[in-house]
Amino acid sequence: MYFKDLGPQLGWTMVFLAEYIGPLLSYLLFYFRIPYFYSNRYALSSSPHPVVLACVCHTFHYTKRLIETIFVHRFSHGTMPLRTIVKNCAYYWGFSAWLAYYINHPLYTPPYGELQVNYALILFVMCEMGNFSIHLTLNKLRGDPKGRRFPMPNKNPFTWLFFFVSCPNYTYEVGAWVSFSIMTQCLP
């Protein structure tokens, strides 16, 4: 029998809280144009373009994830090694800062028309609701006294994606980020 020291550990709830609070705060730093990110001429100024919708959507996404972490998710493993948390946080925080830098930049070019933004917003909201519905459905499976079962679609139309894929929460997650990219016209 072999034992491996994984080093310092943190609980999964703390891991997800650390991963999701960073993008939420880093985006807001760029949104409010804290000095040091852009030229001092633009510090603490408002954007000449309506980027508030992108801020609202980004904030909603990560607030939803924080709420899911606290109230919805149940974790089968107790802890995660600290070095893995550092990598995960660097990924989430870095990509959030990357997209926030471009979307809130003083030279940002807004999407071409309201139609593009409106359709992308509708798709974003639907994907976020679908993701949340799938997480609730998967949560109900964990507490089932009959043991583990396969998730099945129910009356909620967002769960009907189970007919086509095994983990539709990821499908909805990709859809939300694609629609966010279309809405902001920003690839990162």
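The model shown is predicted, which means the values in this text are computed figures rather than measured ones. (Residues numbered from 1 in each chain as written. Predicted model: local features only at pLDDT ≥ 70, side-chain atom pairs only at ≥ 80, totals over all residues. Heavy atoms only, no water.)

(A) Highlighting the packing of helix H2 (residues 52-71) against helix H3 (residues 82-103). Between H2 and H3, the least distance of the axes is 11 Å, while the angle of their chain directions is 165°. For the element pair H2 / H3, the angle class is roughly antiparallel. In the packing of H2 onto H3, the handedness of the crossing is left-handed. Contacts from Ala54, His58, Tyr62 and Arg65 of H2 reach H3 at Tyr92, Ser96, Leu99 and Ile103. Classifying every residue of the contact of H2 with H3 by side-chain character gives 5 nonpolar, 2 polar and 1 charged. (Axes fitted to C-alpha atoms, helices over the stretch in contact; angles between N-to-C directions. Helix = DSSP H or I, 4+ residues; strand = E, 2+ residues; numbered from the N terminus. Parallel < 35°, antiparallel > 145°, perpendicular 65-115°, else oblique. Left-handed = near helix turned anticlockwise from the far one by under 90°. Contact = heavy atoms within 4.5 Å. Nonpolar A, V, L, I, M, F, W, Y, C, P; charged D, E, K, R; others polar.)

(B) Geometry of the confidence of the model for the protein chain. Of all residues in the protein chain, 88% have pLDDT values of 70 or greater, and the mean over the chain is 86. Averaged pLDDT values for the elements of the protein chain fall to 80 in strand S2 (residues 79-81) and rise to 95 in helix H5 (residues 168-184). (pLDDT = per-residue confidence, 0-100.)

(C) Fine view of a nonpolar patch on the surface. Judged by side-chain polarity, Tyr91, Phe95, Trp98, Tyr101 and Tyr102 come together as a nonpolar surface patch covering roughly 520 Å² of accessible area. Mapped onto the fold, Tyr101 is located in helix H3. With a relative accessible area of 30%, Tyr101 lands in the partly exposed category. (Patch = residues over 30% accessible without salt bridge, like charges linked within 9 Å, V, L, I, M, F, W, Y side chains within 5 Å. Areas by Shrake-Rupley, 256 points an atom, 1.4 Å probe, with all protein chains shown as cover. Salt bridge = Lys/Arg side-chain N within 4 Å of Asp/Glu carboxyl O. Buried < 20%, exposed > 50% of the residue type's maximum accessible area, 1.4 Å probe, protein only.)

(D) Expanded view of the packing of aromatic side chains. What the rule picks out here adds up to 13 aromatic pairs. Judged by centre distance (5.4 Å) and plane angle (80°), the ring pair of Tyr101 and Tyr102 falls under edge-to-face. Here Tyr102 falls in the partly exposed class, since its relative accessible area comes to 40%. Here the aromatic residues Phe16, Tyr20, Tyr62, Tyr91, Tyr92, Phe95, Trp98, Phe124, Trp177 and Phe180 are joined through ring pairs into a cluster of three or more. (Phe/Tyr/Trp six-rings, centres within 6.5 Å; stacked < 30°, edge-to-face > 60°.)

(E) Broad picture of H5. For H5, with 17 residues, the first-to-last C-alpha span of 24 Å sits near the 24 Å given by 1.5 Å per residue. When we look at burial in H5, the residues that qualify are Pro168, Asn169, Tyr172, Glu173, Gly175, Ala176, Ser179, Phe180, Met183 and Thr184. The buried residues of H5 occupy one face: seen down the axis, they fall within an arc of 165°. The exposed residues of H5 that point more than 90 degrees off its buried face are Tyr170 and Val174. (Expected span 1.5 Å × (residues − 1). Arc of directions from axis to C-beta.)

(F) Molecular detail of the UniProt feature "transmembrane region" (unreviewed entry) in the protein chain. What UniProt calls "transmembrane region" (unreviewed entry) maps, in this numbering, to residues 12-32, 90-107, 119-138 and 158-180. With 78% helix and 0% strand, residues 90-107 has end C-alpha atoms that lie 26 Å from one another. Between the end C-alpha atoms of residues 158-180 there is a gap of 19 Å, over a span that is 57% helix and 0% strand. (UniProt positions renumbered as here; feature names shortened; annotations may be inferred.)

(G) Main features of the layout of surface pockets. Considered as a void within the structure, the second largest pocket measures approximately 310 Å³ in volume. As for the second largest pocket, its lining consists of 16 residues, and the residues nearest its centre are Tyr62, Tyr91, Phe95, Trp177 and Pro188. Among the elements that line the lining of the second largest pocket, the one with the most residues is H3, at 6 residues. Each residue belonging to the lining of the second largest pocket can be placed in one class, and the counts come to 11 nonpolar, 3 polar and 2 charged. (1 Å grid on protein atoms, 1.4 Å probe; cavity = no way out; pocket = protein on both sides within 12 Å on 5 of 7 lines; lining within 4 Å. Points joined across faces, edges and corners; volume = space filled by probe spheres on them.)

(H) Layout of unusual backbone geometry. For Gln185, which is not a glycine, the phi torsion comes out positive at approximately 55°. In this fold, Gln185 is placed in the segment after H5.

(I) Local environment of the packing of H2 against H5. Two elements in contact, H2 and H5, have axes whose closest approach is 10 Å; the angle formed by their N-to-C orientations is 165°. Looking at the two axes, H2 sits roughly antiparallel to H5. Helix-helix and strand crossings are classified by hand; for H2 and H5 the assignment is left-handed. In this structure, H2 uses Leu53, Ala54, Cys57, His58, His61, Tyr62 and Arg65 to contact H5, whose residues at the interface are Glu173, Trp177, Phe180, Met183 and Thr184. Taken together, the residues of the contact of H2 with H5 break down into 7 nonpolar, 3 polar and 2 charged.

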